[in-house]
Amino acid sequence: MPRRQIAEGAAAPQQGEPGGEPAAGPGGPRGEPEPEPGGETTRRRRIRSAVRQLSFEAGGEDATSLVEAREAAFVKEKEKQAAEREAERGADESPRRVRLDSLEAAGFSPQSSRLWSFDRETEEELMEEMLLQLAEMCGLPKMSALTVHTFVGRVAGHYSDEVDFHSFTHAVDVTLSAFLLLTRYGGREHLQPVDAMAILVAAMCHDAGHPGLTNPFQKATQSELVSQYGEEATLERMHISIGQSILRSPGCNVLDAAGFSAEEQAWASELIEFAVLGTDLSTQSTVMAEWAEMFGDGGSAAGAEGAAASSCLCGFTMDEAARKAVGRLLLKTADLGCCAKPWAVAQHWAERLVRETQAQTAKELELLVDTQGREAGSPVAGSAGAQAKFHQYVVTPIFRAAAAAFPAFNEGLEQALENERQWRCAHLLAGCASSRGCALTLMGVGRALSEAEGAEAAA
Ligand SMILES: [Zn+2]
């Protein structure tokens, strides 16, 4: 229903509305919307009725062919729905109903939206819109909306509703950040159209199949995924593999539908792999060192104000290595995009990550493994102190490099720096609350924070 409301420009979900948390429930890895009050989702009902009909027609065919037939019926149904939507849209000047600009006119803010209050259908539509709009902006021949629809549906099916943070909503959020970095913040100016499209596709697939359990957990438990994808970047290799197998599936190759040659598609595939591997946080120092070696410090040593001067990419020949590096930085920045959201939104995402980490902790206690340094007394993952450190060592360096490369992104950097201050304040307050007789008053916290910052700057 939000889809209809948005289409009429009436009521896109607004900041400040009740959260609308997706209920933990039997959404399942195929990504069906939540069951309607009656019980089943419409999609399930359609499949079941298709199966009933098929089993009637098949008159005793074996189970395998029935399952295959069911799959075929599902794909056919999806295609039919897409064709109906295409027909509904008509062939007038603005063929699509939900456009980002019309969403924004209805009050939707890409920077601060509470995406988690959208339903799955709206999220999928947003994804489709971004891909179609980017293609349009890149001057690509009219992409088939049907292929985009099928592709997004398949990608969505690989995100589990059981996972708190690395959900389809996170994928939509990251895709939205990548879209803004490419368009509004100027990333596209330094790239070829095929690079821009590849990065958006990479954003969509970058956490596909995520089980909510980290790489160190996979390694410590020698999981099934480790045997399949190896110990290095286990999850990232799985995300890449899923994304590429979807692209190879009939009716899903959006790069082909965008009109790219086989050679360009091979390049896109290489870029997607390179960029998604860069989202593995254990590669942080390598990625940043390679970036600095290629483009220099840019504005990354300067403050938020200093970064705005001019792009550190100006004057560089954008050869293949440079395009890959820019693509990777864009995706890394987009992946951390929730840290550049207004404080309340950033906090919500942090809470989701805490819930996901707690679920992993419970599993670790069961299996007697420790991948989080609990024995060594590391700060509790997700605590304000850990968040502040994460900003300091991971988010801020990446965002500074991004703001130096794409000066318009300075507003994202500023918001992230403000959030870092908030986490540090919260950390100090938590310390104050836990130690009896602490002299820090609320007003004293600001002074203590400035002193701590001063001491750090001097060090
Ligand atoms: Zn991610």
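Everything numeric in this text was worked out from a predicted model, so none of it was measured.

*Asks:* Go over the overall build of the protein chain, please, and point to the residues and values.
*Replies:* Scanning the protein chain from terminus to terminus reveals 19 helices and zero strands. Here the protein chain holds 459 residues, and the buried ones make up 39% of them. Considering only contacts in the protein chain between residues 6 or more positions apart, those separated by 24 or more positions represent 76%.

*Asks:* Would you mind going over the nonpolar core in detail, with residue names and values included?
*Replies:* Ranked by internal contacts, the top residues of the largest apolar core, which has 91 residues, are Leu134, Ala178, Met197, Ile199, Leu200 and Ala202. Among the elements that line this core, the one with the most residues is helix 8 (residues 193-205), at eleven residues. With residues near it in sequence (within four places) discarded, Met197 still touches Leu134, Ala135, Cys138, Leu255, Ala258 and Ala268.

*Asks:* An account of helix 8 is needed here, citing residue identities and associated values.
*Replies:* End to end, helix 8 covers 19 Å across 13 residues, agreeing with the expected 18 Å (1.5 Å per residue, within 8%). Buried within helix 8 are the following residues: Val194, Asp195, Ala196, Met197, Ala198, Ile199, Leu200, Val201, Ala202, Ala203, Met204 and Cys205.

*Asks:* For unusual backbone geometry, give the residues involved together with the corresponding values.
*Replies:* The backbone of Gln222 shows a phi angle near 45 degrees, a positive value even though the residue is not glycine. Looking at where Gln222 falls in the secondary structure, it is placed in the loop between helix 9 (215-220) and helix 10 (224-229). For Gln222, a count of 10 C-beta atoms within 10 Å corresponds to the exposed category.

*Asks:* Any details on helix 16 (residues 343-367)? Residues and values, ideally.
*Replies:* With 25 residues, helix 16 should cover 36 Å at 1.5 Å per step; its first-to-last C-alpha distance of 36 Å lies within 8% of that length. Listed as buried for helix 16 are Val345, Ala346, Trp349, Ala350, Arg352, Glu356 and Thr357. One or two steps after helix 16, the chain reaches Leu368, where phi turns positive at roughly 60 degrees.

*Asks:* Quick one: what's the story with the packing of helix 5 (residues 120-137) against helix 6 (residues 145-156), residue by residue and with numbers?
*Replies:* Packed helix pairs are specified by the crossing angle of their axes together with the interaxial distance, meaning the distance between the axes. Between helix 5 and helix 6, the least distance of the axes is 9 Å, while the angle of their chain directions is 130 degrees. In this view, helix 5 runs oblique relative to helix 6, as classed from their interaxial angle. Between helix 5 and helix 6 lies a crossing of right-handed hand. The segment helix 5 lies against helix 6, with Arg120, Glu124, Met127, Glu128, Leu131 and Leu132 engaging Ala145, Val148, His149, Val152, Gly153 and Ala156. Broken down by class, the residue content of the contact of helix 5 with helix 6 amounts to seven nonpolar, two polar and three charged.

*Asks:* How would you summarise the packing of helix 5 against helix 8 if you had to cite specific residues and measurements?
*Replies:* Two numbers describe how helix 5 lies on helix 8: the axes approach to 10 Å, and their chain directions differ by 170 degrees. Looking at the two axes, helix 5 sits roughly antiparallel to helix 8. Between helix 5, through Met127, Met130, Leu131, Leu134 and Ala135, and helix 8, the contact on the second element is made entirely by Ala196, Met197, Leu200 and Met204. Partitioning the contact of helix 5 with helix 8 into residue classes produces nine nonpolar, no polar and no charged.

*Asks:* Would you mind going over the environment of Ser282 in detail, with residue names and values included?
*Replies:* Mapping Ser282 onto the fold places it in the loop between helix 13 (262-277) and helix 14 (284-295). Residues Ser282 and Glu232 lie 50 residues apart in sequence; the distance between their C-alpha atoms is 9.8 Å.

*Asks:* How would you explain the confidence of the model for the protein chain if you had to name every residue and give the values?
*Replies:* Any segment with low pLDDT has predicted coordinates that should not be analysed in fine detail. Looking at the protein chain, the pLDDT average stands at 77 and 64% of residues meet or exceed 70. Segment residues 435-444: pLDDT under 50, and six contacts once partners within four positions in sequence are set aside and those in other chains are kept.

*Asks:* Can you explain the environment of His158? Please cite residues and give values.
*Replies:* Structurally, His158 can be placed in the loop between helix 6 and helix 7 (168-182). Assessed through the 22 C-beta atoms surrounding it within 10 Å, His158 is described here as buried. Considering only alpha carbons, one finds His158 and Ile242, 84 residues apart in sequence, at a separation of 8.1 Å. Excluding its chain neighbours within four sequence positions, the residues that come into contact with His158 are Ala208, Gly209 and Ile242.

Cut-offs used in this document
- Residues numbered from 1 in each chain as written.
- Predicted model: local features only at pLDDT ≥ 70, side-chain atom pairs only at ≥ 80, totals over all residues.
- Helix = DSSP H or I, 4+ residues; strand = E, 2+ residues; numbered from the N terminus.
- Buried ≥ 20, exposed ≤ 12 C-beta atoms within 10 Å, placed from the backbone.
- Contact = placed C-beta atoms within 7 Å.
- Core = buried A, V, L, I, M, F, W, Y, C linked by C-beta atoms within 7 Å.
- Expected span 1.5 Å × (residues − 1).
- Axes fitted to C-alpha atoms, helices over the stretch in contact; angles between N-to-C directions.
- Parallel < 35°, antiparallel > 145°, perpendicular 65-115°, else oblique.
- Left-handed = near helix turned anticlockwise from the far one by under 90°.
- Nonpolar A, V, L, I, M, F, W, Y, C, P; charged D, E, K, R; others polar.
- pLDDT = per-residue confidence, 0-100.

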